[in-house]
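Remarks on the overall topology
Listed below, chain by chain, are the residues.
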Amino acid sequence: MWSVAESETERTDWPASPAAPWPANVRATIWWHRARSSDFAPAGAKTLPITMCMVVDYTTSPVGPYREILASPVLRRDVGKVPRMAVPFIAVDSATSVHGGRANWYLPKVLAEFDGDVLGEAGVSGGEWSVRTRSRGFGPQFPMRGSIGFAQPVAGGSAVGVAGLRGKARVARVQVDAVGPTLSRWMPSGTYLGLQILSGSMRTGEAHVVA
């Protein structure tokens, strides 16, 4: 499964999870910046040099509440009409969610420890890596509705899926401190523009493999 060192694990037995689609209620902080390295793009993919990252609190889901961090070093522009994330780094605090990510969407989920609040100060750690975020929202709340697409490299093509999201958001500045075998090269520490999803509902549909 396509991943960076931070998303590698020797464990193979995960408790079974439901098939997609997955509806969920969420709170999240999302941030982005210009990509610092193209070394972590899917091989041969046409990309946009934008890194997208997020820490998410799933308050409800088919596998119960859990927290998540994920990041896409670049956006793919070679699968479909809109740019999509390609996610080699993703960690959660639910073993059942690990199974769901790997079985449903080819996402290389691993287990990690979380603390704090994704809309304030939060921390995530797993083995040799750690990420701390400090999210400060500003300005008025506004309604949002949209979707986030992803395209994961798999044998014979890409697993393509979409997560639809609607809720309330506001602009934020996000201070990030990231350490790890690869993270410091493509998700560097700093302060970035972002969004806080104060409350939202999400539906992640099935992934389809395309050549």
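Model, not experiment: these values are computed from the prediction.

**Describing the overall build of the chain**
When its secondary structure is counted, the chain shows 2 helices and 14 strands. For 211 residues, the compact-globule estimate of 2.2 N^0.38 gives 17 Å, and the C-alpha radius of gyration of the chain, at 16 Å, lies within 12% of that figure. The buried share among the 211 residues of the chain stands at 51%. Here the analysis covers contacts within the chain between residues at least 6 apart in sequence; of these, 68% occur between residues at least 24 apart. If you sum the accessible surface of the chain, you get close to 9700 Å²; carbon and sulfur atoms cover 51% of it.

**Concerning the pairing of strand 10 (residues 121-126)**
As paired elements, strand 9 (residues 113-116) and strand 10 share 4 bridges and run antiparallel to each other. Opposite aspartate 115, over in strand 10, you have glycine 123 as the bridge partner. Direction of pairing for strand 10 relative to strand 11 (residues 129-154): antiparallel, over a ladder of 6 bridges. Within strand 11, the position partnered with alanine 122 by the bridge is threonine 133.

**Focus: the nonpolar core**
Counting 31 residues, the largest nonpolar core has Val26, Tyr58, Met85 and Trp105 as its most contacted members. Residue assignment for this core shows that the elements contributing at least two residues are strand 1 (22-34), strand 3 (50-60), strand 4 (66-72), strand 7 (89-92), helix 1 (95-105), strand 11, strand 12 (157-179) and strand 13 (190-204). Looking at which element gives the most residues to this core, the answer is strand 1, with 5 residues. Dropping the residues within four chain positions of it, methionine 85 is found in contact with Met52, Met54, Leu70, Ser72, Leu75, Ile148, Gly149, Phe150, Ala151 and Gln152.

**A short note on the environment of serine 184**
Its place among the elements puts serine 184 in helix 2 (residues 183-186). Exposure remark for serine 184: the relative accessible area of 45% places this residue in the partly exposed category. The spatial distance from the C-alpha of serine 184 to the C-alpha of arginine 36 is 9.7 Å, given a sequence separation of 148 residues.

**A closer look at the pattern of salt bridges**
Throughout the structure, instances matching the rule amount to 9 salt bridges. Of the charged contacts in the structure, one is a salt bridge between arginine 11 and aspartate 13, with a shortest N-O distance of 3.6 Å. On the accessibility criterion, arginine 11 (35% relative accessible area) is partly exposed. For aspartate 13, a relative accessible area of 55% corresponds to the exposed category. Taking the shortest distance from any N to any O, the salt bridge between arginine 67 and aspartate 93 comes out at 3.2 Å. Of the two residues, arginine 67 sits in strand 4 while aspartate 93 sits in the loop between strand 7 and helix 1, which places them 26 residues apart along the sequence. A relative accessible area of 23% places arginine 67 in the partly exposed class.

Cut-offs and rules
Residues numbered from 1 in each chain as written. Predicted model: local features only at pLDDT ≥ 70, side-chain atom pairs only at ≥ 80, totals over all residues. Heavy atoms only, no water. Helix = DSSP H or I, 4+ residues; strand = E, 2+ residues; numbered from the N terminus. Rg over C-alpha atoms; globule rule 2.2 N^0.38 Å. Buried < 20%, exposed > 50% of the residue type's maximum accessible area, 1.4 Å probe, protein only. Contact = heavy atoms within 4.5 Å. Areas by Shrake-Rupley, 256 points an atom, 1.4 Å probe, with all protein chains shown as cover. Pairing = 2+ DSSP bridges. Core = buried A, V, L, I, M, F, W, Y, C linked by side-chain atoms within 4.5 Å. Salt bridge = Lys/Arg side-chain N within 4 Å of Asp/Glu carboxyl O.

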